[in-house]
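So you can see what is in the structure, the chains are spelled out below.
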Amino acid sequence: MSFAPVLYHMVRADFLERLRRYGFLVTLAGALWLAYGIAAEKIWIVVGDGYRGVYNSAWIGALMATCCSTFLSLAGFYIVKNCVQRDAETRVGQILAATPMRKDFYTWPKRSATSPCSPAW
Amino acid sequence: MAEAIGLCCNFSLQLVPGVLGLLGPNGAGKTTLMSILATITRATAGRVVWNGADLAMDADALRSTLGYLPQDFGVYPNLNAVEFLEYLAAVKGLDAASAKNRIDALLNLVNLADVRKRPLGTYSGGMKQRIGIAQALLNDPQLLIVDEPTAGLDPEERVRFRNLLSELSGQRIIILSTHIVSDVEATATDIALISQGMLVTHASPEELLRRVQGRVWEWIVPSAELNAARQRYLISNTARRSDGVHARVLCDAPPDHAQPVTPNLEDAYLYCLSQHRSVNTSRVEAGVLS
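Throughout this document, residue positions are counted from 1 along each chain, in the order its sequence is written. Written order decides the labels, with chains lettered from A and ligands numbered from 1. Given that the model is predicted, a residue must reach a pLDDT of at least 70 before its local features are reported, and side-chain atom pairs must reach 80 or more before they are shown or counted; all residues, however, enter totals for whole chains, interfaces and linings. Calculated side-chain values reflect all of the structure's heavy atoms, with hydrogen atoms and water omitted.

K.L.:
Help me understand the pattern of salt bridges in this model?
P.N.:
Any carboxyl oxygen of Asp or Glu within 4 Å of a side-chain nitrogen of Lys or Arg constitutes a salt bridge here. Counted by the stated rule, this structure contains 16 salt bridges over all chains. The residue B:Asp72 makes a salt bridge to A:Arg91 at a minimum N-O spacing of 3.2 Å. Of the two residues, B:Asp72 sits in the loop between strand 6 (66-69) and helix 3 (81-91) while A:Arg91 sits in the loop between helix 4 (83-89) and helix 5 (93-97), which places them in two different chains. The cut-offs for exposure are 20% and 50% of the maximum accessible area for each residue type, with area from a 1.4 Å probe on protein chains only; residues under the lower value are buried, those over the upper are exposed, and the others partly exposed. Among the residues examined, B:Asp72 registers a relative accessible area of 45% and is labelled partly exposed. A run of H or I in DSSP becomes a helix once it reaches four residues, and a run of E becomes a strand once it reaches two; helices and strands are each numbered from the N terminus.

K.L.:
I'm lost on the packing of helix 3 of chain B against helix 4 (residues 96-109) of chain B in this one. Help?
P.N.:
In a packed pair of helices, the relevant descriptors are the angle between the two axes and the axis-to-axis distance. Residues and elements named next belong to chain B. Comment: axis = line fitted to C-alpha atoms, over the contacting stretch for helices; angle = value between 0 and 180 degrees taken between N-to-C directions. It is at 10 Å that the axes of helix 3 and helix 4 come closest, and there the two elements cross at 130°. By the criterion of interaxial angle, the relationship of helix 3 to helix 4 is oblique. The two elements helix 3 and helix 4 meet at a crossing, and its hand is right-handed. Residues Ala 81, Val 82, Leu 85, Glu 86 and Ala 89 of helix 3 lie in contact with helix 4, whose contacting residues are Ala 99, Ile 103 and Leu 107. Three classes are used: nonpolar for Ala, Val, Leu, Ile, Met, Phe, Trp, Tyr, Cys and Pro, charged for Asp, Glu, Lys and Arg, and polar for all others, with Gly counted as polar. In the contact of helix 3 with helix 4, the residues fall into seven nonpolar, no polar and one charged. Here is the rule for angles: anything less than 35 degrees is roughly parallel, anything more than 145 is roughly antiparallel, 65 through 115 is roughly perpendicular, and the remaining ranges are oblique. Should the near helix be turned counterclockwise from the far one by less than a right angle, the crossing is left-handed, whereas a clockwise turn marks it as right-handed. In what follows, residue pairs with any heavy atoms lying within 4.5 Å of each other are defined as contacts.

K.L.:
For this particular structure, what's the right way to read the sheet that holds strand 3 (residues 18-23) of chain B?
P.N.:
Two pairing modes exist for strands in a sheet, parallel and antiparallel, and in both the strands are linked by backbone hydrogen bonds. Residue and element names in this part refer to chain B. In spatial order, the strands read 6-7-8-3-9-10; together these six strands make up an open sheet with mixed pairing. A strand with exactly one partner marks an edge of an open sheet, and here the two such strands are strand 6 and strand 10 (198-203). Taken over all neighbouring pairs, the strand axes of this sheet differ in orientation by 15° on average, direction set aside. Paired strands, as defined in this entry, are two strands with at least two bridges between them according to DSSP. Relative to strand 10, strand 9 (residues 190-195) runs antiparallel, the two being bridged by five bridges. Paired with Leu 193 across the two strands is Thr 201, which belongs to strand 10. Packing of helix 6 (residues 155-168) onto the sheet brings it into contact with strand 3, strand 7 (143-147) and strand 8 (173-178), and relative to strand 8 it is tilted by some 150°. Its contacts with the sheet place helix 8 (residues 205-212) against strand 9 and strand 10, and it is angled at close to 100° to strand 10.

K.L.:
Would you mind showing me how to read the packing of aromatic side chains here?
P.N.:
Each aromatic ring pair is described using two quantities: the centre-to-centre distance and the angle formed by the ring planes. Each aromatic pair joins two rings of Phe, Tyr and Trp (for Trp, the six-membered one) with centres within 6.5 Å, and gets the label stacked for planes under 30 degrees apart, edge-to-face for over 60, and tilted for any other angle. In total, this model carries three aromatic pairs over all chains according to the counting rule given. With 6.1 Å between their ring centres and 80° between their planes, B:Tyr76 and B:Phe84 make a pair best called edge-to-face. Taken individually, B:Tyr76 and B:Phe84 each receive the classification buried, so the pair is uniform in this respect. By the ring-pair criterion, three or more aromatic residues cluster together here, those being B:Tyr76, B:Phe84 and B:Tyr87. When the ring centre of B:Tyr76 is taken as reference, the NZ or CZ atom of A:Arg86 above it lies at 5.3 Å. Criterion for a charge above a ring: Lys NZ or Arg CZ within 6 Å of the ring centre, and within 35 degrees of the ring normal.

Right under this line is the structure:
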């Protein structure tokens with residue numbers, strides 16, 4: 001059994017399954033609304049004692065870095081942590097356990113499947 | 001091809017191509033046995049051997065040619081049928097081209113081609129069961145293990161599935177675990193009865209029917225006396241008619257006015273189980289079993 005097709009299909013299945021959940025859509029809609037609000041100057045991000053950033057590349061970059069590190073380290077973790085748990089909960093794991101797939105073939109794509117989701121957060 | 005299967009619950013089976021109907025009451029150990037045979041659970045003692053390979057040491061010897069439909073399996077609710085089957089085809093080692101052809105054929109076979117693009121979460125229980133059947137057949141398995149496969153199927157689909165099992169059984173071993181005797185009656189070439197984790201008997205359907213020949217009677221009982229009759233005799237079925245309750249009685253010495261009838265597999269199943277229980281009870285009383 002070659003690894004590449006297994007990797008591709010597992011990442012794809014995991015990504016599509018996650019992408020089509022209501023929770024994902026709600027989070028995405030929330031992110032879009034926040035982005036629109038900031039761009040249209042309906043929402044202001046205030047730092048410290050009334051300071052607002054100027055919309056230049058430095059400020060946007062700093063915001064992105066802050067958001068990514070927050071989401072990926074905390075909220076993002078809770079969103080993507082359950083790759084293996086979901087196979088147990090949906091009981092697909094029983095079927096997978098009876099296939100010739102090796103354990104590392106299983107865990108590697110599960111880890112990789114979280115990567116395509118990351119930019120969305 | 002001949003495969004010997006030994007189990008920790010003190011019995012052994014040697015399987016040949018055909019459909020083995022594994023019958024037993026709830027809690028008999030059918031699902032545990034299926035799980036051991038499907039290499040998901042490891043037996044604490046004994047050996048499971050496939051074509052000479054001990055599965056405790058080399059489970060992959062079986063897994064590449066195994067199709068398994070668990071009793072209580074699930075799907076990814078947000079994938080559609082094609083995506084789900086493509087995923088499982090990949091983990092079973094099928095290449096993309098043959099997987100595509102196989103998935104198309106199987107979706108037609110299980111009558112789900114029209115809903116192939118619908119999310120699996122919107123499928124009914126019977127439709128999910130059919131997806132389970134399709135995934136079990138993806139790799140054209142030499143050993144197909146199906147655990148309660150007709151649960152949730154409507155009568156038409158049940159008949160369709162039985163016919164499918166019969167068609168598939170030519171050159172492969174199919175183990176059909178169920179407590180629905182009519183499913184086994186329709187498809188099985190061999191039957192193994194298990195109870196309390198032990199093999200009660202392993203025989204052909206014809207042999208089982210011979211064992212109960214001359215021991216099945218139809219007896220018309222007034223409704224008010226039915227409970228008393230149940231205390232005295234093993235009754236496999238009852239039907240209320242205008243002249244009373246027509247009871248199928250399993251016994252060596254028939255009640256008065258009882259008429260002999262042709263036994264069916266359900267009679268044989270109940271008779272074998274009751275014999276097994278009475279033998280076990282006698283052994284416990286004699287101190288042979290604890």
